[in-house]
Amino acid sequence: MRWYTALPTAAVASGVAVTAYASLYERNRWTLRRFDVPVLAPGSAPLTILQISDLHMTANQREKQEWVAGLAALEPDLVINTGDNLAGFDAVPGTLKAMDPLMDLPGAFVLASNDYYAPKPKNPLKYFFPGHKRVHGDVLPWRDLRDGMTDRGWLDLTNAAGELTVDGRRIALGGVDDSHLKRDRYEKIAGSADVRIGLAHSPEPRVLDRFAADGYDLLLCGHTHGGQLRVPFYGALVTNCGIDRARVRWLHPWTDDTWLHVSAGLGTSPYAPVRFACPPEATLLTLTARAG
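The notes below deal with the structure included here. (Residues numbered from 1 in each chain as written. Predicted model: local features only at pLDDT ≥ 70, side-chain atom pairs only at ≥ 80, totals over all residues. Heavy atoms only, no water.)

What to know about the environment of V176
Here comes step 1: With respect to the helices and strands, V176 occurs in strand β7 (residues 169–176).
Here comes step 2: Each C-alpha atom, one on V176 and one on A200, is 5.4 Å from the other, the two residues being 24 residues apart in sequence. (Helix = DSSP H or I, 4+ residues; strand = E, 2+ residues; numbered from the N terminus.)

In structure tokens, the structure reads:
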């Protein structure tokens, strides 16, 4: 075989191998990530938060449902769901089944675009153009999902504020509707407590800045899938929101007094079922005492 025919053949073979790895293996390599966040008053005992995000669940994803349900064995003090749970009209029962043991624990959630609207085929190149026109799919049974969580005592923080007492400590929680769809109404939330935690599905800087200005200690977001396709030694190609690429996933300072955690999420759109150098994740955050 001549070199000028061998090279294209090798490139095609490499592309097929990478696609197979990203779609058949890494997309299903569910991972638990752990971080410590120093936001509690000096001398406080630790407090654990399990964050799940971007499940993009379909009815037949039973292995994922079992993995999520198994997270209850971590016995976190609080569970936070930051939206994009559904990827099909028949996905609500499987999603609630996956979260069933978690809903025995104190919890709160916000909803997002893929709770409201079914996924549609999209040109992936559109994510490189922030001003692209968004086209929504058909309306999903999001009210059934919402009611399934609130009926178990979880707080719906979609443009709302609430408070939980966990391990004897008051936790103020505020959340906004999906800021990527410009449905956020930050003016509806306010409060004070021992710890203040903000929920927003999409980490849009304009919303994060308002949380930080009001003294929130920790902001929990999803949406980005961590970039979903990452280039080794470079990182995410796109963020699909206003956040910078460096903070597209995991724990980072947002201001001197506010931490931001962006979950890489546990799913993908059914029309883009690939992940590369970015496994699907849930996160266990341990809140610890600040120094001094």
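On we go.
Here's the deal with the packing of aromatic side chains
Here comes step 1: Considering all chains together, one arrives at 5 aromatic pairs under this definition.
Here comes step 2: A ring pair is formed by Y116 and Y117, whose centres lie 6.3 Å apart and whose planes are at 65°; its orientation type is edge-to-face.
Here comes step 3: An aromatic cluster is built from Y116, Y117 and W142, whose rings are joined through pairwise contacts.
Here comes step 4: When the ring centre of Y234 is taken as origin, the NZ or CZ atom of R245, which lies over that ring, is 4.2 Å away.
Here comes step 5: Above the face of the W250 ring, R249 is positioned so that its terminal group lies 3.9 Å from the ring centre. (Phe/Tyr/Trp six-rings, centres within 6.5 Å; stacked < 30°, edge-to-face > 60°. Lys NZ or Arg CZ within 6 Å of the ring centre and 35° of its normal.)

Digging into helix α6 (residues 205–213)
Here comes step 1: For α6, the full list of buried residues reads V207, L208, F211 and A212. One side of α6 holds all its buried residues, which, seen down the axis, span an arc of 135°.
Here comes step 2: Where α6 is buried, its residues meet β7, β8 (195–200), β9 (218–221) and β13 (259–262). (Buried < 20%, exposed > 50% of the residue type's maximum accessible area, 1.4 Å probe, protein only. Arc of directions from axis to C-beta. Contact = heavy atoms within 4.5 Å.)

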